[in-house]
Amino acid sequence: MKKQRVSNAFVAASWIALGAGMIGFIVGLVRAEMLLNEKGYYFTILLYGLFAVVSLQKAVRDKLENIQVTDIYYGICWFATLSSIVLLAIGLWNATILPSEKGFYAFAFLLALFGAIAVQKNTRDNMLQE
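Residues numbered from 1 in each chain as written. Predicted model: local features only at pLDDT ≥ 70, side-chain atom pairs only at ≥ 80, totals over all residues. Heavy atoms only, no water.

1. Section: the overall build of the protein
If you tally the helices and strands in the protein, you get four helices and zero strands. Along the protein, from the amino end to the carboxyl end, the secondary structure elements read α-α-α-α. Each of the three principal axes of the protein carries a C-alpha extent, and together these read 55 × 35 × 20 Å. Sorting the 130 residues of the protein into buried and exposed places 39% on the buried side. When contacts within the protein are restricted to residue pairs at least 6 apart in sequence, long-range pairs at least 24 apart make up 75% of them. Surface exposure of the protein reaches about 8,400 Å², of which carbon and sulfur atoms provide 71%. Positive and negative side-chain charges of the protein, numbering 11 and 8 respectively, have mean locations separated by a distance of 7 Å. (Helix = DSSP H or I, 4+ residues; strand = E, 2+ residues; numbered from the N terminus. Buried < 20%, exposed > 50% of the residue type's maximum accessible area, 1.4 Å probe, protein only. Contact = heavy atoms within 4.5 Å. Areas by Shrake-Rupley, 256 points an atom, 1.4 Å probe, with all protein chains shown as cover. Lys, Arg positive; Asp, Glu negative; His and termini not counted. Charge placed at Lys NZ, Arg CZ, Asp CG, Glu CD.)

In structure tokens:
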């Protein structure tokens, strides 16, 4: 049974979610009145989180398709994903910014992570159809 390709609408929505989350987060950082080291912390957490969720999505998908994934790699993927979220939460909890700004960064971060997962899934699904 041949699987259907991912719809162009969902591919576009996934890329838009990734772009909106990343660009929103980065624009917020550029415009923020915080020290450069604070901006660097949040930017690094964004990159760490994006890499972690793409790795996790691949590891989960590999396991579902009976492609061997070592338990240590699988565990590291989960640890990296959860630790990026926890590190962002700790940073925002202790930040001296408005609660609305904290919410903005949290939602932009989560939107970017969701977008990265969806883009990775769509890319893999469509590669299998070619």
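2. A look at the UniProt feature "transmembrane region" (unreviewed entry) in the protein
Under the UniProt annotation, "transmembrane region" (unreviewed entry) lies at residues 9-29, 41-60, 72-97 and 103-119. Structurally, residues 9-29 comprises 100% helix and 0% strand, and the distance from its first C-alpha atom to its last is 30 Å. In the segment residues 72-97, helix accounts for 88% and strand for 0%; the C-alpha atoms at its two ends are 38 Å apart. (UniProt positions renumbered as here; feature names shortened; annotations may be inferred.)

3. Thoughts on the UniProt feature "domain: YiaAB two helix" (unreviewed entry) in the protein
Mapped onto this numbering, the UniProt entry gives "domain: YiaAB two helix" (unreviewed entry) at residues 10-62 and 73-125. For residues 10-62, the end-to-end C-alpha separation is 22 Å, with 92% helix and 0% strand making up the annotated structure. The annotated region residues 73-125 carries 92% helix and 0% strand content, and the separation between its end C-alpha atoms amounts to 22 Å.

4. Some thoughts on the confidence of the model for the protein
For the protein, mean pLDDT is 94; residues scoring 70 or higher make up 97% of the total. Across the protein, the secondary-structure element scoring lowest on mean pLDDT is helix α4 (residues 99-129), at 93, and the one scoring highest is helix α3 (residues 71-94), at 97. (pLDDT = per-residue confidence, 0-100.)

5. What about α3?
Helix length check: α3, at 24 residues, gives a terminal C-alpha distance of 34 Å against a target of 34 Å (1.5 Å per residue), a fit within 8%. When we look at burial in α3, the residues that qualify are C77, A80, T81, S83, S84, L88, G91 and L92. (Expected span 1.5 Å × (residues − 1).)

6. Focus on the packing of aromatic side chains
Applying the stated criterion to the full structure yields five aromatic pairs. Relative to F109, the ring of F25 lies with its centre 6.2 Å away and its plane at 50°, an arrangement referred to as tilted. Of this pair, F25 sits in helix α1 (residues 8-31) while F109 sits in helix α4, and the two are 84 residues apart along the sequence. Classification of F25 as buried rests on a relative accessible area of 0%. For the ring pair F104 and Y105, a centre distance of 5.4 Å and an interplane angle of 70° mean the geometry is edge-to-face. Look at F104 and you get partly exposed, because its relative accessible area is 38%. (Phe/Tyr/Trp six-rings, centres within 6.5 Å; stacked < 30°, edge-to-face > 60°.)

7. Observations regarding the side chain of N122
Turning to its location among the elements, N122 is positioned in helix α4. Ignoring any residue separated from it by four or fewer positions in sequence, one finds N122 in contact with V6, F10, V11 and S14.

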